[in-house]
Amino acid sequence: MVSVLNITAAVLTIGFGLFGFLAPAYTANALDLAPTNSTMGLSEMRASVGGLFVVTGIAVLWLNAPMAYAMLGVVYAGAALGRFLSVILDNPPLVKALTFGGIEAVLALWLIVANLNKAP
């Protein structure tokens, strides 16, 4: 069961990343990010919201080790922490921020708790 949920989390990570990697304008719109007079924002979406997550998910599947899955959890914990800090400091759209942050927090909790104690 742990293996199935770990693989599911890694595949979700790849899926989330593919949106930013292949459809950066759509992803920016979904995240309420506004374009400027430069395409640098699209480049950033492809890099930080896209490629970073795609490659991380693929690497975790390739390594297929408890510590790799736990580190993916740490990545999601950082995202959730940033998201919840934003709720306190930035007043983003609450439902959207809590939804994204909740998904990140659940993935973080699962990946860390289920895998950290199995690491050598």
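Quick caveat: nothing in here was measured; it's all calculated off a predicted structure.

Another aspect to go through is the pattern of salt bridges. Applying the stated criterion across every chain, the model contains 2 salt bridges. K96 is the partner of D32 in a salt bridge, and the nearest nitrogen-oxygen pair spans 3.2 Å. Linking D32 in the loop between α2 (24-30) and α3 (40-63) with K96 in helix α5 (residues 94-116), this pair joins segments that are 64 residues apart in sequence. Close ionic contact of R83 with E104 constitutes a salt bridge, the shortest N to O distance being 2.6 Å. Placement of the pair is R83 in helix α4 (residues 66-89) and E104 in helix α5, with a sequence separation of 21 residues. Overall, the relative accessible area of 24% leaves R83 in the partly exposed class.

So, about the environment of Y26. Position of Y26 relative to the elements: it lies in helix α2. In the structure, Y26 is positioned 16 residues away from L42 in sequence and 9.9 Å away in space, judged by C-alpha atoms.

The subject of this paragraph is α5. Side chains of residues three or four places apart in an α-helix project in the same direction, reflecting 3.6 residues per turn. A rise of 1.5 Å per residue sets the reference length of α5, with its 23 residues, at 33 Å; its end C-alpha atoms lie 31 Å apart and thus fit the reference within 8%. For α5, the set of buried residues is A97, G101, E104, L107, A108, L111, A114 and N115. Elements that come into contact with the buried residues of α5 comprise α1 (2-22) and α4.

Turning next to the side chain of N6. Looking at the secondary structure, you find N6 in helix α1. At 2.8 Å, the side chain of N6 and the side chain of N115 are in polar contact. Apart from the residues within four sequence positions on either side, N6 is in contact with Y69, W110, L111 and N115.

Here the focus is a nonpolar patch on the surface. A grouping of M67, M71, V74 and L116 is seen on the molecular surface, where their side chains present a nonpolar patch of about 350 Å² in accessible area. Of all the elements, α4 adds the most residues to the nonpolar patch, at 3 residues. With respect to the helices and strands, the residue L116 is situated in helix α5. For L116, a relative accessible area of 46% translates into the label partly exposed.

Mean pLDDT over the chain works out to 93, with 98% of the residues at or above the 70 mark. Taken element by element, the predicted model of the chain shows its lowest mean pLDDT in α2 (88) and its highest in α4 (96).

This part takes up unusual backbone geometry. Phi is positive for D32, close to 60 degrees, though the residue is something other than glycine. Given the relative accessible area of 48%, D32 is considered partly exposed. Phi angles above zero are rare outside glycine, and N64 is one such case at about 45 degrees. With respect to the element layout, N64 can be found in the loop between α3 and α4.

Calculation rules
- Residues numbered from 1 in each chain as written.
- Predicted model: local features only at pLDDT ≥ 70, side-chain atom pairs only at ≥ 80, totals over all residues.
- Heavy atoms only, no water.
- Salt bridge = Lys/Arg side-chain N within 4 Å of Asp/Glu carboxyl O.
- Helix = DSSP H or I, 4+ residues; strand = E, 2+ residues; numbered from the N terminus.
- Buried < 20%, exposed > 50% of the residue type's maximum accessible area, 1.4 Å probe, protein only.
- Expected span 1.5 Å × (residues − 1).
- Contact = heavy atoms within 4.5 Å.
- Polar contact = N/O pair within 3.5 Å; in protein donor to acceptor, adjacent residues only side chain to side chain.
- Patch = residues over 30% accessible without salt bridge, like charges linked within 9 Å, V, L, I, M, F, W, Y side chains within 5 Å.
- Areas by Shrake-Rupley, 256 points an atom, 1.4 Å probe, with all protein chains shown as cover.
- pLDDT = per-residue confidence, 0-100.

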